[in-house]
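# Fold and contact review
Spelled out, the chains give:
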Amino acid sequence: MDFADEALPIGELLDERRHLLDIAFWMLGSAVEAEGVVAEAYRRWYELSEAERAAIEEPRGWLSRVAGGICLERLSRPGRQRPGQAGPLSDAAAGERRQMLEREVSAVLLTALDTLSPAERAAFVLNDVFGMAPGTVADIVGQSAPAFTELADRARQTLRNRRGRPTTPSQHDTVVRAVRESCAAQDTDRLTTLLAPDATAFFDGGGKVRAQIRPVHGREQVARSLLTLLAPRARTTVCAHSVNGRTGLVVRYDRRVAAVTSLDVAGRQVVQVWVVINPDKLLPWNQATALPGSP
């Protein structure tokens, strides 16, 4: 294979590198460490023979899996310091870290990720944040499919417990219904007041629908996403319905469930939104003969 066979547009190359940096930063919480992980991932890529590289159908996916594995190795090292315990960064590195933090994730959520075990963090970041297939992530963390499912569920629950304060079912129901009403009326101002300043929305498309891959962070950005997702449309309805034991939102298209949204509420505001659009995960909802809902 000559050089021309490997040439790619510069934009694609830079986007791939940014994607790998994002994975490593979410996993490790350090811009400096992220740079090292990406360098190591590319080093392993170029250690392959030309024939081995040519046989890889999706180089970006291969590099993502390798980067995730390297991060897991580093997280699992005995005595590893948390990002906040690391030594002082250079001005450039500190500035890069702040920019990445502001763009991709709130400090609150990043701190919450530090409370997860290495395997839990890998499961959440690679599957929920970057949309890797569960089977692929299970291989990276060395777990069977059922064990991986439990691991990912435990990570999500830990994050929810860290971010939210207990609210009564009535308080939770009131906030969620207000969100639905705001989306139905396309009332941006009201919806924004219902969201915490550092609200984050996660979208699980499972690679089966064209959903947003990265989490959406910040009340304005989350509001725009919800207003688009839950906007009134022909043949589409949005109703309040029990989701994971609390009031959530169920979207039906032609009577089939197309999305299930659960919201984590702290006080009178939503701190996290979890939107499932993955058709596979919606099968149980659509297998029911009837799904009662309330407007």
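Criteria and cut-off values
Residues numbered from 1 in each chain as written. Predicted model: local features only at pLDDT ≥ 70, side-chain atom pairs only at ≥ 80, totals over all residues. Heavy atoms only, no water. Core = buried A, V, L, I, M, F, W, Y, C linked by side-chain atoms within 4.5 Å. Buried < 20%, exposed > 50% of the residue type's maximum accessible area, 1.4 Å probe, protein only. Helix = DSSP H or I, 4+ residues; strand = E, 2+ residues; numbered from the N terminus. Contact = heavy atoms within 4.5 Å. Axes fitted to C-alpha atoms, helices over the stretch in contact; angles between N-to-C directions. Parallel < 35°, antiparallel > 145°, perpendicular 65-115°, else oblique. Left-handed = near helix turned anticlockwise from the far one by under 90°. Nonpolar A, V, L, I, M, F, W, Y, C, P; charged D, E, K, R; others polar. Patch = residues over 30% accessible without salt bridge, like charges linked within 9 Å, V, L, I, M, F, W, Y side chains within 5 Å. Areas by Shrake-Rupley, 256 points an atom, 1.4 Å probe, with all protein chains shown as cover. Salt bridge = Lys/Arg side-chain N within 4 Å of Asp/Glu carboxyl O. Pairing = 2+ DSSP bridges. pLDDT = per-residue confidence, 0-100. 1 Å grid on protein atoms, 1.4 Å probe; cavity = no way out; pocket = protein on both sides within 12 Å on 5 of 7 lines; lining within 4 Å. Points joined across faces, edges and corners; volume = space filled by probe spheres on them. Expected span 1.5 Å × (residues − 1). Polar contact = N/O pair within 3.5 Å; in protein donor to acceptor, adjacent residues only side chain to side chain.

### Remarks on the nonpolar core
Generally speaking, nonpolar side chains in soluble globular proteins are found buried as a group. If you look at the biggest cluster of nonpolar residues, it comprises 46 residues, and the most contacted ones within it are Trp26, Met27, Phe124 and Leu126. Among the elements of the structure, helix H2 (10-28), helix H3 (31-47), helix H5 (59-75), helix H7 (107-113), helix H8 (118-129), helix H9 (134-141) and helix H10 (145-163) are those that each provide at least two residues to this core. Contacts of leucine 126, omitting those with residues within four sequence positions, involve Ile23, Met27, Gly68, Gly131, Met132, Val137 and Ile140. The next biggest cluster of nonpolar side chains, apart from the first, holds 27 residues, and it includes Val175, Val179, Leu227 and Val238.

### Overview of the packing of H5 against H8
The angle between the axes and the distance between the axes are what describe a pair of packed helices. Remark: H5 packs on H8, axes separated minimally by 9 Å, with the N-to-C direction vectors making an angle of 155°. Classed by the angle they form, the pair H5 and H8 counts as roughly antiparallel. Between H5 and H8 lies a crossing whose hand is right-handed. Contact residues: H5 offers Gly68, Leu72 and Leu75, while H8 offers Pro118, Ala119, Arg121, Ala122 and Leu126. Among the residues forming the contact of H5 with H8, the class breakdown is six nonpolar, one polar and one charged.

### Examining a nonpolar patch on the surface
Taken together, the side chains of Ile10, Leu13 and Leu14 make up a nonpolar region of the molecular surface, amounting to roughly 300 Å² of accessible area. Within the secondary structure, isoleucine 10 is located in helix H2.

### Topic: the sheet that holds strand S5 (residues 256-266)
If you trace the six strands from one edge of the open sheet to the other, you get S2-S1-S6-S5-S4-S3, paired in mixed fashion. Edge positions in the open sheet fall to strand S2 (216-217) and strand S3 (236-243), since each of these has one partner strand only. As paired elements, strand S1 (residues 195-204) and S2 share two bridges and run antiparallel to each other. Looking across to S2, one finds that threonine 200 is bridged to histidine 217. Where helix H13 (residues 219-229) meets the sheet, its contacts fall on S1, S2 and strand S6 (269-276), and the angle it forms with S1 comes to roughly 45°.

### Quick look at the confidence of the model for the protein chain
Scored by pLDDT, the protein chain has a mean of 80; 79% of the residues are at 70 or more. Within the protein chain, helix H12 (residues 188-193) carries the highest mean pLDDT (96), whereas helix H1 (residues 3-6) carries the lowest (44). Scored below 50 in pLDDT, residues 1-5 makes three contacts in the model with residues more than four places away or belonging to other chains. Low confidence marks residues 100-104, where pLDDT is under 50. Its contacts with residues over four positions away, or in another chain, come to 16 contacts.

### A closer look at the environment of aspartate 22
Here aspartate 22 is to be found in helix H2. Once the C-alpha coordinates of aspartate 22 and alanine 34 are considered, the two residues, twelve residues apart in sequence, prove to be 7.8 Å apart.

### Focus on the layout of surface pockets
Size it by volume and the largest pocket reaches roughly 600 Å³. Around the largest pocket sit 23 residues that line it, and Asp153, Arg156, Asp204, Val276 and Lys281 are the ones nearest its centre. Residue assignment for the lining of the largest pocket shows that the elements contributing at least two residues are H8, H10, S1, S5, S6 and helix H14 (279-287). At seven residues, the largest contribution of residues to the lining of the largest pocket is made by H10. Here the residues of the lining of the largest pocket sort into twelve nonpolar, five polar and six charged.

### Some thoughts on H3
Helix length check: H3, at 17 residues, gives a terminal C-alpha distance of 25 Å against a target of 24 Å (1.5 Å per residue), a fit within 8%. All of the buried residues in H3 are Ala31, Ala34, Val37, Val38, Glu40, Ala41, Tyr42 and Trp45. For H3, the side-chain oxygen to backbone nitrogen distance between the N-cap and valine 32 is 3.4 Å, and the N-cap itself is serine 30.

### As for the packing of H2 against H5
Between H2 and H5, the shortest axis-to-axis distance is 10 Å and the interhelical angle comes to 25°. Classified by the interaxial angle, the pair formed by H2 and H5 is roughly parallel. Crossing of H2 over H5 shows right-handed handedness. Residues Asp15, Glu16, His19, Leu20, Ile23, Ala24, Met27 and Leu28 of H2 touch H5, and the partners they reach there are Arg60, Leu63, Ser64, Ala67, Gly68, Cys71, Leu72, Arg74 and Leu75. Classifying every residue of the contact of H2 with H5 gives ten nonpolar, three polar and four charged.

### Observations regarding the side chain of threonine 200
The topology assignment puts threonine 200 in strand S1. According to the relative accessible area criterion, threonine 200 is buried, its value standing at 2%. Only 3.4 Å separates the side chain of threonine 200 from the backbone oxygen of aspartate 198, close enough to count as a polar contact. Here histidine 217 takes part through its side chain, which lies 3.3 Å from a polar atom of the side chain of threonine 200.

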